[in-house]
Amino acid sequence: MIDRGLVQWTRPEAERAGTPLLVLLHGVGSNEHDLLGLAPALPPAWTLASLRAPEPWGPGYSWYPLGTPGSPDPGPVDLAVAGVLEWIDSVATDHPRIGLLGFSQGGSMALQLLRDRPDGFAFAVSLSGFVVPGITDTRDEAVAAVRPRVFLGHGDLDPVIPGEATARTAVWAAANTDVTDRSYEGLPHAVSAAELADVAAFIGD
């Protein structure tokens, strides 16, 4: 479940109706304040809403148990996705378009949300993230039928997300989505100014 009282918005409630909504999903050990630092670089027409993950983890929070890096158990991921979708449904009538942007574990959430509702989002941005393996149902076929827009950004020096997970994600996105895939030289597990400029251009298209 998403704690509605903790959601961080870039617009006051009276000014949100009719604006496109970008849902921000932070990484492990972080919180709802983290990704708000990206806001000044993103298209100003979008209202940003940054959510707090439900599970305490270290100094922050986690969307689901970590498990093997880049290869979590799909069950808890789907439970977390259901909570985010419930929150999105509670605000969706105010926003004609909804996009997703996640970092690391939040990036995996963005792609899993897209799997559950491939025609429900304008796009998904996964930064230093990955697609969850082990899905055996027909969700990916539904994604492929829609081919939603996806942006994948990752550094070539990322010490956190295994290369296998990054490669798997690229293959999945190419097969099922309209993907923009960018690798950034010298970037570790972080977001660079160049990457953020590319994300802003992608969202603005």
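Refer to the structure presented above.
Residue numbers here run from 1 along each chain, matching the order of that chain's written sequence. This being a predicted model, a pLDDT of at least 70 is required before a residue's local features are given, and a value of 80 or more before pairs of side-chain atoms are given or counted; all residues contribute to the totals for chains, interfaces and linings. Water and hydrogen atoms were dropped before computing side-chain values, which therefore reflect all heavy atoms in the structure.

Thoughts on the sheet that holds strand β1 (residues 8-9)
Move 1: With mixed pairing, the seven strands of this open sheet are ordered in space as β1-β3-β2-β6-β7-β8-β9. With one partner strand each, in any of the chains shown, β1 and β9 (178-184) form the two edges of the open sheet.
Move 2: Judged from the five bridges that link them, strand β2 (residues 21-25) and strand β6 (residues 98-103) form a sheet pairing that is parallel. Its bridge partner being in β6, leucine 24 is matched across the sheet by leucine 101.
Move 3: Here, two residues are considered to be in contact whenever any of their heavy atoms come within 4.5 Å of each other. Note on definitions: angles span 0 to 180 degrees between N-to-C directions of axes, and those axes are lines fitted to C-alpha atoms, for helices only across the stretch in contact. Here a strand is any run of E in DSSP of at least two residues, a helix any run of H or I of at least four, and the numbering for each starts at the N terminus. Packing against the sheet, helix α1 (residues 74-91) makes contact with β1, β2, β3 (47-51) and β6, and its axis sits at approximately 155° to β2. Pairing between strands is defined by DSSP: at least two bridges between them are needed.

Side note on the packing of α1 against helix α2 (residues 105-116)
Helix-helix packing is characterised by the crossing angle of the two axes and by the distance between the axes.
Move 1: At a minimum axis distance of 10 Å, the contact between α1 and α2 shows a crossing angle of 75°. In terms of axis orientation, α1 runs roughly perpendicular to α2. Across from Val77, Asp78, Ala80, Val81, Val84 and Leu85 in α1, the residues of α2 making contact are Met109, Gln112, Leu113 and Asp116.
Move 2: Note on residue categories: nonpolar means Ala, Val, Leu, Ile, Met, Phe, Trp, Tyr, Cys or Pro, charged means Asp, Glu, Lys or Arg, and polar means any other residue, Gly included. Here the residues of the contact of α1 with α2 are counted per class, giving seven nonpolar, one polar and two charged. An angle below 35 degrees is treated as roughly parallel, one above 145 as roughly antiparallel, one from 65 to 115 as roughly perpendicular, and anything else as oblique.

Notes on the pattern of salt bridges
Move 1: For this document, the term salt bridge refers to a Lys or Arg side-chain nitrogen within 4 Å of an Asp or Glu carboxyl oxygen. If you walk through the whole model with that rule in mind, you get seven salt bridges.
Move 2: Between glutamate 32 and arginine 52 there is a salt bridge; the shortest N-O distance is 2.8 Å. Here the residue glutamate 32 occupies a position in the loop between β2 and β3, and arginine 52 occupies one in the loop between β3 and β4 (55-57), the gap between them amounting to 20 residues.
Move 3: Across the pair arginine 139 and aspartate 116 runs a salt bridge whose closest N-O atoms are separated by 2.8 Å. Taken together, the residues arginine 139 in helix α3 (residues 139-146) and aspartate 116 in helix α2 connect sequence positions 23 residues apart.

The analysis is restricted to geometry; functional conclusions fall outside its scope.
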